[in-house]
Amino acid sequence: MTAHFSQSATILLMVAGLYIVIARGNMVKKLIGLSMFQSSVYLLYILPGKLIGGTAPILGAGYSVYANPLPHVLILTAIVVGVATLALGLTLVVRIKEAFGTIEEDEIAGDMRSDGSKPGRGRKSA
Amino acid sequence: MIASHLPVLLIIVPLLGAVLAALSRHGFVAWLVALLASAATMAVAFALLWRVQAEGLISYRIGGWAPELGIEYRIDAVSAFIVVLVSAIAFLTMIYARRSVLAEISAERVAWFYTMLLLCVAGLLGIAATGDAFNAFVFLEVSSLATYTLIALGRDRRALVAAYQYLIVGTIGATLYVIGVGLIYLSTGTLNIGLIVERLASLQGSRALTVAEAFIVVGIALKLALFPLHAWLPNAYAYAPSAATVLLASTATKVAVYLLARYLFTVFGGDIDVGAIPISAILIGLSVAAMFIPSAAAIFQNDVKRILALSSVGQIGYITLGLALANQTGLTGGLLHLFNHALMKGAAFMAIGAVVYRAGTARLDDLSGIGRTMPWTVAALTIAGLALIGVPGTSGFVSKYYLILGALEAGLGWLAILIVASSLLAVLYVGRIVEVVWFREPAAVARECREAPLELLLPMWILAGATIWFGIDAEWPVGLAASAARVLLGGAP
């Protein structure tokens, strides 16, 4: 367990995040779960790039052991993607709150059904 | 000079167009930019196709870095096939979009709509062009984020919920994909697909690879709406603005299919069962379920957009079935159906978008007899519907014919029967639409309507015409699909 502590932490974060997305009906909590799920991937990539006693990749005498910089760069990109997704998700939640008055999925599902049974929504209703 | 940079221009042109459209802040200027950018992109795509057919694989190194260090774009017969399809549909969508968008989206948001449309196109083309596994993830997210925004711009408040649900599912899918890519990177030390293939040869049977393949296949299956992971799709297509639905239905899921094919065949090898997971058997089972269950659900819908969206899930089943058969004829059929379905569904969604433009509703009950007042639009819808069934003389017949031949070649006679039987479901849902719009007495809504304007009819009829043309003379698309299938199955490009 201790030998694979970091990997265990990664998987715990991954599974917990996914569980929150599936189990919660509150839209903000779902996004928090989604964000946790994505964060676990950051760990998955970065952990193997770390070498104990390694330095940053510097070309020169005295620097023979260095950590792989590529995973860090990849995850920098992934973090940007994660931030953009979270920002867009939260924006949508704000708009949903304005339009439906709630951010609970069950209540919104009920509203959506009643929207669907209304007779012909004219083009001016938008 | 420019010719050697074609692969990267494919992405730069729409990306730059998106920036200009955003800066313009003016609806008409943004539309003009989008139209010109997508026309230029289409020209680049056809030039690439022509070069691939003449010379084979094109490898382009971004910034001149070697594949071990930098990002490589690889255009082969498969990528060129997808790139031509996406860029051509994007161009037709832009022609169609101007009038439709003015009617459906508030004026101050129109420029943003075109920005997102171009970003989406850039992302989709990027997925098809890149030869780098992580770069494909970035493009996947570029196109997905643009897509969520496009859906949320729909005029119905339910569009917001549809966009949110797609955001959750799409992000899970992309994250599962990137976990799989991470595991491959840890095993092989590279992200370049060409190098991954070389290094995987010595790693056969590794458990990390089996896990990676499982993550990648499930992740992409979420994006391509493989049954039963399709729950996000009907709402997203039904509530998005009409022009956005046309683009998404014709291209987004198709590019995900491309990515799946790329991994199943190129990366994990022609033998698509890796380790303990019988992927081809699972894929056949899910494809058959997709051909029947969502199509059956489509019969009981009242919103024409929803009927067409559920039909899309069913049609994707035929495409993945072609992948699962994994023989030359079956794969040709799958890829051909990918191409043909993009054309017929594009025409169908353009037609129903034109109906919404005039009548303000897509509810079947309100559209009784609308064929009398909008004959050209409804005729295009009918042609697309016939192609969905697979009536001889339409392109849908040709691709299903190849699929049936492929199933027989694989020794699965029962599968051939199921392909024909599932088409009967399409007869029911298409028949229902046709009966209401042509044969019922015109309702109040229908009597007030006029024929759609030429700007909407023109791109719609180009697609509907192509659906008939490629049903009679299928040589060109069959040739493209067959050479793409040969490349995927490991033959010469």
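Heads up: the structure comes first, above all this text.
Thresholds applied
Residues numbered from 1 in each chain as written. Chains lettered and ligands numbered in written order. Predicted model: local features only at pLDDT ≥ 70, side-chain atom pairs only at ≥ 80, totals over all residues. Heavy atoms only, no water. Helix = DSSP H or I, 4+ residues; strand = E, 2+ residues; numbered from the N terminus. Buried < 20%, exposed > 50% of the residue type's maximum accessible area, 1.4 Å probe, protein only. Areas by Shrake-Rupley, 256 points an atom, 1.4 Å probe, with all protein chains shown as cover. Contact = heavy atoms within 4.5 Å. Expected span 1.5 Å × (residues − 1). Axes fitted to C-alpha atoms, helices over the stretch in contact; angles between N-to-C directions. Parallel < 35°, antiparallel > 145°, perpendicular 65-115°, else oblique. Left-handed = near helix turned anticlockwise from the far one by under 90°. Polar contact = N/O pair within 3.5 Å; in protein donor to acceptor, adjacent residues only side chain to side chain. Salt bridge = Lys/Arg side-chain N within 4 Å of Asp/Glu carboxyl O. Buried area = accessible area lost by both parts, 1.4 Å probe. Nonpolar A, V, L, I, M, F, W, Y, C, P; charged D, E, K, R; others polar. Phe/Tyr/Trp six-rings, centres within 6.5 Å; stacked < 30°, edge-to-face > 60°.

S.K.: Quick question: what am I supposed to make of the overall build of chain A here?
M.R.: A count of helices and strands for chain A gives 4 helices and 0 strands. Taken from the N to the C terminus, the helices and strands of chain A come in the order α-α-α-α. The buried share of chain A, reckoned over its 126 residues, is 29%. With an accessible surface of roughly 7,600 Å², chain A has 68% of that area assigned to carbon and sulfur atoms.

S.K.: What am I meant to see in the environment of Val246(B) here?
M.R.: Residue and element names in this part refer to chain B. Structurally, Val-246 is set in helix α10 (residues 242-267). With a relative accessible area of 0%, Val-246 lands in the buried category. A C-alpha to C-alpha distance of 28 Å links Val-246 and Val-52, two positions 194 residues apart in sequence. Those residues in contact with Val-246, other than ones at most four positions away along the chain, are Thr-93, Tyr-96, Gly-346, Phe-349 and Met-350.

S.K.: Would you explain helix α20 (residues 475-488) of chain B in this entry?
M.R.: The periodicity of an α-helix, 3.6 residues per turn, causes residues three or four places apart in sequence to face the same way. Residues and elements named next belong to chain B. Its 14 residues place the ends of α20 20 Å apart at the C-alpha level, agreeing with the 20 Å of an ideal helix rising 1.5 Å per residue. Extensive coverage of α20 is indicated by the burial of 10 of its 14 residues. Those residues of α20 that sit buried are Pro-477, Val-478, Leu-480, Ala-481, Ala-482, Ser-483, Ala-484, Ala-485, Val-487 and Leu-488.

S.K.: Mind showing me how you'd approach the packing of helix α11 (residues 279-299) of chain B against helix α17 (residues 413-439) of chain B here?
M.R.: When two helices pack together, you describe them by how their axes are tilted relative to each other and by the distance separating the axes. Residues and elements named next belong to chain B. Relative to each other, α11 and α17 sit at 20°, their axes nearing to 8 Å. In terms of their interaxial angle, α11 and α17 are classed as roughly parallel. In the packing of α11 onto α17, the handedness of the crossing is left-handed. The segment α11 lies against α17, with Ile-284, Val-288, Met-291, Phe-292, Ser-295, Ala-296, Ala-298 and Ile-299 engaging Trp-414, Leu-415, Leu-418, Ile-419, Ala-421, Ser-422, Leu-425, Leu-428, Tyr-429 and Arg-432.

S.K.: How should I be thinking about the side chain of Ser423(B) in this particular structure?
M.R.: Residues and elements named next belong to chain B. Relative to the elements of secondary structure, Ser-423 occurs in helix α17. In this structure Ser-423 comes out as buried when scored by relative accessible area, which is 11%. One polar contact links Ser-423 to Lys-400, side chain to side chain, over a distance of 3.1 Å. If sequence neighbours within four positions are ignored, Ser-423 has contacts with Tyr-318, Ile-389 and Lys-400.

S.K.: Looking at this structure, I do not really get the pattern of salt bridges. What am I missing?
M.R.: Side chains that carry opposite charge are capable of pairing whenever their charged atoms lie near each other. This model, assessed by the stated rule, comprises 10 salt bridges over all chains. For Glu105(A), the salt bridge identified is with Lys30(A), shortest N-O distance 3.4 Å. Separated by 75 residues along the polypeptide, Glu105(A) in helix α4 (residues 105-117) and Lys30(A) in helix α2 (residues 27-46) bring together distant segments of the chain. With a relative accessible area of 7%, Lys30(A) lands in the buried category. In this structure, the salt-bridge partner of Arg440(B) is Glu435(B), at a minimum N-O distance of 3.2 Å.

S.K.: So what exactly am I meant to see when it comes to the environment of Ala240(B) here?
M.R.: Residues and elements named next belong to chain B. With respect to the element layout, Ala-240 can be found in the loop between α9 (233-239) and α10. Residue Ala-240 is classed as buried on the basis of its relative accessible area, which comes to 2%. Sequence separation between Ala-240 and Val-161 is 79 residues; the distance between their C-alpha atoms is 11 Å. Discounting chain neighbours no more than four positions away, the residues touching Ala-240 are Ile-151, Gly-154, Thr-245 and Lys-305.

S.K.: Looking at this structure, how should I read the interface of chain A and chain B?
M.R.: Think of interface size as the accessible area that goes away when the parts come together; that is how it is often given. The partner chain B presents 41 residues to the 43 residues of chain A that form the contact. Regarding the contact of chain A and chain B, the summed buried area is about 3,800 Å², with carbon and sulfur atoms giving 70% of it. Inspection of the chain A/chain B interface yields 0 salt bridges. For the side of chain A that touches chain B, the elements supplying multiple residues, two or more each, are α1 (5-23), α2, α3 (70-100) and α4 of chain A. Counting residues per element, the side of chain A that touches chain B draws most heavily on α3(A), which supplies 16 residues.

S.K.: What should I look at first to understand unusual backbone geometry in this one?
M.R.: Glycine aside, residues mostly have negative phi angles, and peptide bonds mostly take the trans form. Residues and elements named next belong to chain B. In this structure, Pro-228 follows Phe-227 across a cis peptide bond, with omega equal to 0°. Within the chain, Ala-326 stands out as a residue other than glycine whose phi angle is a positive 55°. Assignment of secondary structure puts Ala-326 in the loop between α12 (304-325) and α13 (328-359). Its relative accessible area of 26% is what places Ala-326 among the partly exposed residues.

S.K.: Could you clarify how one ought to interpret the packing of α10(B) against α12(B) in this entry?
M.R.: Residue and element names in this part refer to chain B. At their nearest, the axes of α10 and α12 sit 11 Å apart, and the two run at 20° to each other. As judged from the angle between their axes, α10 and α12 are roughly parallel. Seen along the crossing, α10 lies across α12 with a hand that is right-handed. For the pair α10 and α12, the contacting residues are Ser-242, Thr-245, Thr-253, Lys-254, Val-257, Leu-260, Ala-261 and Phe-265 in the first and Lys-305, Ile-316, Ile-319 and Leu-323 in the second. Across the contact of α10 with α12, the residue classes break down as 7 nonpolar, 3 polar and 2 charged.

S.K.: Just checking my understanding: could you explain the side chain of Ser311(B) for this structure?
M.R.: Residues and elements named next belong to chain B. Topologically, Ser-311 is positioned in helix α12. In this structure Ser-311 comes out as buried when scored by relative accessible area, which is 0%. Only 3.1 Å separates the side chain of Ser-311 from the side chain of Tyr-429, close enough to count as a polar contact. Leaving out residues up to four positions away in the same chain, Ser-311 has contacts with Ala-298, Lys-345, Leu-388 and Tyr-429.

S.K.: Would you mind going over the packing of aromatic side chains with me for this structure?
M.R.: How two aromatic rings sit relative to each other is set out by the distance from centre to centre and by the angle between their planes. All names here are of chain B. Enumeration over the complete set of coordinates arrives at 16 aromatic pairs over all chains. Both rings, one in Phe-339 and one in Trp-476, keep their centres 6.1 Å apart while their planes meet at 75°; by these two values the pair is edge-to-face. In this pair, Phe-339 sits in helix α13 while Trp-476 sits in helix α20, placing the two residues 137 residues apart along the sequence. Measuring from ring centre to ring centre gives 6.2 Å for Tyr-401 and Tyr-402, while their planes differ by 85°; the resulting arrangement is edge-to-face. Take Tyr-401: its relative accessible area is 45%, and that puts it in the partly exposed class. On the basis of relative accessibility, which here comes to 23%, the residue Tyr-402 falls in the partly exposed class. Taken together through their ring pairs, the aromatic side chains of Phe-81, Phe-339, Phe-470 and Trp-476 make up a single cluster.

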